[in-house]
Each structure stands twice: as structure tokens, then as C-alpha cells.
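These are the residues of each chain, in order.
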Amino acid sequence: MNKTLLLLLLFFTTTLYSCANRLITDAQPVTVEATPNIAIDDTDSLTVYYPNFSRIDLVTGQMPDKLTDTSVVLCCEAAFTGECLTEFKHTNIAGDHVSSGERFRGYRCTRNTGAFVWYENQWKFLWKEYSYELDSAAKHNGMGFGQEMMIHQGNLCETIRKDGNVNQFRALCEVDGRLCVIDCKMQMAFGTFKKQLIAYGVKEALYLDMGSGWNHSWYRDEDGNAVDIFPYQHPYCTNWVVFYR
């Protein structure tokens, strides 16, 4: 091999090694951002919780444990409870309901003008007739419960609770095709709360049980810590709508 050819071979070998080494050295690590457990939006009067979930259930009898139920991203009281009993029974929950794919009979409640069901990875807000959907939820290992419908298909519903009633309210809602739980930040008239939901863009809103102790709820932050929304609790709550990661 002549000297010129040897020099050319050495040049190309050195160049290729230098380029390969630069590619390896300049390569940047790929960062995959974790999806937060929950996204929180605030307005002047509302706090909106958007859970990132894969399934929903109605848990009855015992609230999910903050330490051991690590897949829970949000839970709060759902249907009304009839009496303040120390022992649990399904008939103390307002209206028939479906928990973990099983339908149970609750007590008759005229406030239950609507319902929410989840099965086959879809949710539905129902107004007036909904018993057949509870059967479907049970058949497909889903969940469902009755409550007072506030907004359906973007329209205000007539409610038994008077618009002038003042309290701190909560609703399970659909906004732009996303499911969320919305709390008002301060006490306000029920009619004002409904108008605030409409202004925010809520298309569906079903009331969730509130009041001191009944409003005890929590979510899991991006670090996996359970954060209380209302810390005070009592032993009389009976059921919770629970969102799982």
C-alpha cells in the first residue's frame, strides 16, 4: 500500500471516529414528563378538579384509605345518606346504586332527579329515568348513583333545592368533554352556583353531598401525597365517587 493511500485511509478512519464520538457526546437524554394525578383550575368563585383516571367506582361503607389505596386520585361523598348510623347498610344510601358491578337498593329519595353511571370506559349523566342504566352498569361491572340533576345538556334543570338556599356547594360535572368535580370557594346562593357553572362552560352537573363532615374529601398530588379538601370528617358517610389512576 503506497504512502498516499495509507494517509487517506487514516484520515477517513479518524474522521468517522470523530463524527461517531460527537453523535454520542451530543446526544441529549429523553425526558418523559409524568401526567399529573389531577389538574386544578381556579376562578374567582370556583375550584375545579380534573382527575386523570382510568376507571371510576362508587365505594360504599368505608372511605378509601389514603396510605394503602395509592391508585386513588380523587374521592368525595356522592349520594345522600339517610340517617347518622354507626353501622353501614346500603338502604341508608339515597336511591338505588351500583358499586363494583353490583346493584343495591337504597331508600327512596325525591331529590334524586338524575344519575351518573360509568361502565365500558364511558360515563353518562342521566335526567329523570335512569334505572335501566343502573342495570347496564351492573351488567358491565360498572358503577352508578342517583342525585339531584342541576344542569343537563347545557340547560338548567328545575331543582327541589331552592335557588335562595345558601351553602358551600359541589357538583360532578362535564366540561368540554372532560369529567371534573367543582366546588364553590365560599358560601353562595344555590342559584348563583348554578349560574357560575354555566358561565364556566358546564354541560352536565349532578349535585354531590356536602355539609360539615359530609364534604370531607381528598385528592392525590403529583408527588403521591393525599391532600385534604375539607379535613373534618365524621363516621356517618356511606358512599364515595372514586377516581382511580
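Residues numbered from 1 in each chain as written. Predicted model: local features only at pLDDT ≥ 70, side-chain atom pairs only at ≥ 80, totals over all residues. Heavy atoms only, no water.

Q: What's the story with the overall build of the chain in this structure? I'm lost.
A: Tallying secondary structure elements over the chain gives three helices and 19 strands in all. Expressed as a percentage of the 245 residues in the chain, the buried residues total 48%. Working note: accessible area of the chain is about 13300 Å², and carbon and sulfur atoms make up 51% of it. (Helix = DSSP H or I, 4+ residues; strand = E, 2+ residues; numbered from the N terminus. Buried < 20%, exposed > 50% of the residue type's maximum accessible area, 1.4 Å probe, protein only. Areas by Shrake-Rupley, 256 points an atom, 1.4 Å probe, with all protein chains shown as cover.)

Q: I'm lost on the sheet that holds strand S18 (residues 226-230) in this one. Help?
A: Read from one edge to the other, the open sheet built from five strands follows the order S3-S19-S4-S17-S18, with strand pairing classed as antiparallel. The open sheet has two edge strands, strand S3 (55-60) and S18, and neither has a second partner. Sheet twist, expressed as the average angle between the axes of neighbouring strands with direction ignored, equals 20 degrees. One ladder, built from two bridges, connects strand S4 (residues 72-77) with strand S17 (residues 217-220); its direction is antiparallel. If you follow Cys75 over to S17, its bridge partner there is Trp218. (Pairing = 2+ DSSP bridges. Axes fitted to C-alpha atoms, helices over the stretch in contact; angles between N-to-C directions.)

Q: Would you mind showing me how to read unusual backbone geometry here?
A: In this structure, Ser100 takes a positive phi of about 50 degrees despite not being glycine. Mapped onto the elements of the fold, Ser100 is located in the loop between strand S5 (97-99) and strand S6 (102-104). For Ser100, a relative accessible area of 46% translates into the label partly exposed. Its identity as a non-glycine residue notwithstanding, Asp176 has a phi of 50 degrees, on the positive side. Note that Asp176 resides in the loop between strand S13 (170-175) and strand S14 (178-184).

Q: Just checking my understanding: could you explain the environment of Gly191 for this structure?
A: Note that Gly191 resides in helix H3 (residues 190-200). Classification of Gly191 by relative accessible area gives buried; the value is 11%.

Q: Looking at this structure, how should I read the packing of aromatic side chains?
A: Working definition: an aromatic ring pair is given by the centre-to-centre distance plus the angle between the planes. Scanning the model with the defined rule gives eleven aromatic pairs in all. Plain terms: the ring middles of Phe169 and Tyr207 are 6.3 Å apart, the flat faces sit at 65 degrees to each other, and that makes the pair edge-to-face. Taken together, the positions of Phe169 in the loop between strand S12 (166-167) and S13 and Tyr207 in strand S16 (residues 202-207) put the pair 38 residues apart, joining distant regions of the chain. No difference in accessibility class separates Phe169 from Tyr207, as the two residues are buried. Three or more aromatic residues joined by ring pairs form one cluster here, namely Phe80, Phe169, Phe190, Phe193 and Tyr207. In this structure, Arg55 is placed above the aromatic ring of Tyr244, and the distance from its NZ or CZ to the ring centre is 3.8 Å. The lysine or arginine in question, Arg178, covers the ring of Tyr50, its NZ or CZ lying 4.0 Å from the ring centre. (Phe/Tyr/Trp six-rings, centres within 6.5 Å; stacked < 30°, edge-to-face > 60°. Lys NZ or Arg CZ within 6 Å of the ring centre and 35° of its normal.)

Q: Just checking my understanding: could you explain the pattern of salt bridges for this structure?
A: When their charged atoms lie close together, side chains carrying opposite charge are able to pair. Scanning the entire structure with this criterion turns up eight salt bridges. Among the salt bridges present, the one from Asp42 reaches Lys185, with a minimum N-O distance of 3.4 Å. With a gap of 143 residues between them, Asp42 in strand S1 (residues 38-42) and Lys185 in the loop between S14 and strand S15 (188-189) connect regions that are remote in the sequence. Among the residues examined, Asp42 registers a relative accessible area of 45% and is labelled partly exposed. In this structure Lys185 comes out as partly exposed when scored by relative accessible area, which is 36%. The shortest N-O distance in the salt bridge between Lys194 and Asp163 comes to 2.8 Å. Pair noted here: Lys194 is in helix H3 and Asp163 is in the loop between strand S11 (155-156) and S12, with a separation of 31 residues, a long-range link. Residue class for Lys194 comes out buried when judged on its relative accessible area of 5%. The exposure class assigned to Asp163 is partly exposed, which follows from its relative accessible area of 42%. (Salt bridge = Lys/Arg side-chain N within 4 Å of Asp/Glu carboxyl O.)

Worth remembering: the numbers are spatial, not functional.
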